[in-house]
Amino acid sequence: MDVDTRLLRYFAAVAQEGNLTRAAQRLYVSQPALTKQIKQLETLLGVRLFTRSRAGMALTEPGQALAERVPALLAEWDRILRETEATAGRAARVLRVGFMASAANEATQQIIAAFTHRRPDWRVHMRQSSWADPACGLAGGHVDVALLRLPFPGQDSLCVEVLFTEPRWIALPAAHPLAAREEIPFTELLDEPFVAAPAETGHWRDYWLATDERQGRPPRIGAVTEQPDDWLSAIANGYGIALAPQSAARFYARPGVVYRPVSGVSPSQVGVAWAPAADANPIVQDFVQCCLERR
């Protein structure tokens, strides 16, 4: 009997949350779809894994036995996949570079060109990450090095070099009453609904909601998005406003969205990051050096 690892991941999420709604939100799937997947796994195994009630999803005895083993099984499978992927990249002479949004802005192409000149037998494979993974695949070992926004979760366990700093601006619907202003104090935006990253991103989400500059007032969340296109649509459609790097006005210009300088918030930093083990990897270090030469 073969069981799709996706079914096991869904099972693990429900087992950990004890609630279908919360597990579905965590997995970014609908609750009916998640219920269907759990029933499919129960059918494949021929056992009942949960007892369902208004209080939530309680593990049965067979479900508890499975829940005790699945996390380790999935972690080992993920490790095997990462190692296989990394080995394939080295064999093909491909450097996997994670990035988010505009990466290092206009310097990105210069960095890649410099690396290609230094290592002509290697090529760079850029892998864009959603805002649900602010570490851009680096924490999970899915990339060799990353160009990302600081601060990000897990930053203290990685090697990081700051490349440049730029102001945070505010993105607003074009019809917003403040859109005609040349600069907006952040204190005038405290009661506005904001478009936010997923809650699971922790202090990454908090940073882009400027929770430290809110004088203790909690943010209002108008929408949650993971990708730039969805983010822009939410703003243009009036679901909220959002802090963004100044460069977003260049890279993410869109009808219906305007960008304005905002005072009273700290600037944003872009950095290059890599795992400590890659200190001994000459390919990664060549890429890092190409980044540092252009800061």
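Shown above is the structure to which this text applies.
Everything numeric here is computed off the predicted structure, so don't read it as measured data.

Enquirer: Kindly report on the overall build of the protein chain, identifying the contributing residues and their values.
Expert: Each helix and strand in the protein chain was counted, giving nine helices and 13 strands. Expressed as lengths along the three principal axes of its C-alpha atoms, the size of the protein chain is roughly 65 × 55 × 30 Å. The 295 residues of the protein chain split such that 44% are buried. Taking contacts inside the protein chain between residues at least 6 apart in sequence as the whole, the part at least 24 apart equals 73%. Surface summary for the protein chain: the accessible area is close to 14,700 Å², and the carbon and sulfur share equals 52%. For the protein chain, the centre of its 31 positive side-chain charges and the centre of its 32 negative side-chain charges are spaced 4 Å apart.

Enquirer: Report on unusual backbone geometry, specifying residues and quantitative values.
Expert: The peptide bond linking Leu150 to Pro151 adopts the cis configuration, its omega dihedral lying at -5 degrees. In this structure, Pro151 sits in the loop between β5 (145–150) and β6 (159–166). Positive phi is not limited to glycine here, since Ala103 has a value of about 55 degrees. Position of Ala103 relative to the elements: it lies in the loop between β3 (94–100) and α5 (107–118). Look at Ala103 and you get buried, because its relative accessible area is 6%.

Basis of the calculations
- Residues numbered from 1 in each chain as written.
- Predicted model: local features only at pLDDT ≥ 70, side-chain atom pairs only at ≥ 80, totals over all residues.
- Heavy atoms only, no water.
- Helix = DSSP H or I, 4+ residues; strand = E, 2+ residues; numbered from the N terminus.
- Buried < 20%, exposed > 50% of the residue type's maximum accessible area, 1.4 Å probe, protein only.
- Contact = heavy atoms within 4.5 Å.
- Areas by Shrake-Rupley, 256 points an atom, 1.4 Å probe, with all protein chains shown as cover.
- Lys, Arg positive; Asp, Glu negative; His and termini not counted.
- Charge placed at Lys NZ, Arg CZ, Asp CG, Glu CD.

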